[in-house]
Every structure is written in structure tokens, then in C-alpha cells.
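Coordinates in review
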Amino acid sequence: MVSIIVAIAENGTIGDKNSLLWHIKEDMRFFRTTTSGHAVIMGRKTFESLGLKPLPKRTNIVITRQNVEFEGALTAHSLEEAIRLAEGDEEIFIIGGAQIYGEALKVADRMYITLVERSYEGDTSFPEIDYTQWRLTAVERHERGEEFDSPFEFRRYDRK
């Protein structure tokens, strides 16, 4: 199963200058718990935003057009190749960035979306989602976080 996992502001923004715009402890825990033990696929810029350090307890696969290798991560040159490298994993996670998400929307079986109920200015937005292809299967609402003062929801969508 191929799954997308992402946090999106209510105006569609997901980042600015290759970094997150908010820090929600609950979302970080959800991400870590959900993806641990699985393969995570990301673009080169997303890997760079992690400090070129692989996420622990996960098979890290970096998609790049360049002929480079990254310590602690597998390298792929397309989403299809990255998915093949992760074959055998029961759930493969696409973790960014926007271009990789756009490609993954065509093949993903599931989406985990943290909807942040606040607008943010940023240079990166999540691609348009055709919700007619998806069924909302789980929602967990939070009126605020431990250290975050706006509402957010964990939503799970499965492809119809």
C-alpha cells in the first residue's frame, strides 16, 4: 500500500523555504508512530531539510535526478523506482515534497492529512486533491495542541 502523509494549512500551504511553518508536537508524534518501521519516500530537497540525516527506524528512499548517493538512504530516480525499492513493505509512505506528492496522488491508496486550521504564507502548497476519488475514513479533532494554539485534525482518506 502506498500512503501519503502530510500536514496542510487550511489554505493549502505545506512549507516555506524548505521548512515547516508550524511545530505541532502531536503531529510530530503521529508522523513518527505512523511511519516507524516502514519505508519513507521523499524528494532530495525534503531529505536536505532533514539535515541530510535519514529518519531513524525507517528505510529512507530519496528521489533525485542527480547521480548521487546519500549516506543511510537509498537513491531512486523516479517515484516508480522508489516504490520498487520499497517492495515488500506493507505500507510505503510518501513524505514530500510537493512535486513528489503530485505524482503520488495518482498511485496512492491512502492519505494521512493533518489539517491545520490556520492559513500560512509559504512558497510550497499541496497539489489539488480530487476528493471524489477519496473516502474519509477517520477523523481525530484537536481544539489545540500542547504548545499550539489553533485547531487541527488528523484525517485518513482511502481511495474509493
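In this report, we go over the structure that sits alongside the text.

What counts and what doesn't
Each chain has its residues counted from 1, following the order in which its sequence is written. Owing to the predicted nature of the model, reporting of local features is limited to residues with pLDDT of at least 70; listing and counting of side-chain atom pairs is limited to 80 or more, with chain, interface and lining totals taken over all residues. Note: side-chain values were computed over all heavy atoms of the structure, leaving out hydrogens and water. Helix numbering and strand numbering both begin at the N terminus, where a helix is a DSSP run of H or I of at least 4 residues and a strand a DSSP run of E of at least 2. Throughout, radius of gyration means the C-alpha value; the globule benchmark is 2.2 Å times the number of residues raised to the power 0.38. Burial classes: relative accessible area under 20% of the type maximum marks a residue as buried, over 50% as exposed, and values in between as partly exposed (1.4 Å probe, protein chains only). The contact definition used throughout considers only heavy atoms, calling two residues in contact when any of these lie within 4.5 Å. Note that accessible areas follow from Shrake-Rupley with a 1.4 Å probe, and for residues the cover is restricted to the protein chains shown. Residues scored as positive are Lys and Arg, those scored as negative are Asp and Glu, and His as well as the terminal groups of each chain are ignored. By convention, the charge on Lys lies at NZ, on Arg at CZ, on Asp at CG and on Glu at CD. We define the nonpolar core as a collection of buried residues of types Ala, Val, Leu, Ile, Met, Phe, Trp, Tyr and Cys that are connected through side-chain atoms lying within 4.5 Å of one another.

Observations regarding the overall build of the protein
- Of regular secondary structure, the protein possesses four helices and 10 strands.
- Counted from the first residue to the last, the protein has its helices and strands arranged as β-β-α-β-α-β-β-α-β-α-β-β-β-β.
- For 160 residues, the compact-globule estimate of 2.2 N^0.38 gives 15 Å, and the protein sits close to it at 15 Å.
- Based on the C-alpha atoms only, the size of the protein along its principal axes is roughly 45 × 35 × 25 Å.
- Residues counted as buried form 47% of the 160 residues belonging to the protein.
- Taking the contacts inside the protein whose residues are at least 6 apart along the sequence as the reference set, 62% of them involve residues at least 24 apart.
- By element, 48% of the accessible surface of the protein is carried by carbon and sulfur atoms, the whole surface being about 8700 Å².
- Distance between charge centres in the protein, computed from 21 positive and 27 negative side chains, equals 1 Å.

Overview of unusual backbone geometry
- Cis geometry is adopted by the peptide bond preceding Gly-97, which originates at Gly-96 and carries an omega value of -5°.
- You can see Gly-97 is positioned in the loop between strand E6 (92-94) and helix H4 (98-104).
- Phi at Asn-18 takes a positive value of approximately 65°, unusual for a residue other than glycine.
- Following the sequence through the fold, Asn-18 ends up in the loop between strand E2 (13-15) and helix H1 (25-35).
- A positive phi angle, near 60°, is found at Lys-57, a position not held by glycine.
- Secondary-structure assignment places Lys-57 in the loop between helix H2 (44-49) and strand E4 (59-63).

A closer look at the nonpolar core
- Membership of the largest hydrophobic core comes to 26 residues, with the highest contact counts inside it found for Ile-4, Val-6, Ile-41, Ile-94, Met-111 and Phe-126.
- Among the elements that line this core, the one with the most residues is strand E1 (residues 2-9), at four residues.
- When neighbours within four sequence positions are excluded, Ile-41 is seen to be in contact with Ile-61, Ile-63, Leu-79, Ala-82, Ile-83, Ile-92, Phe-93, Ile-94, Ile-95 and Gly-96.
- In terms of nonpolar packing, the next biggest core, distinct from the first, is built from 11 residues, Ile-5, Val-40, Met-42 and Phe-70 among them.

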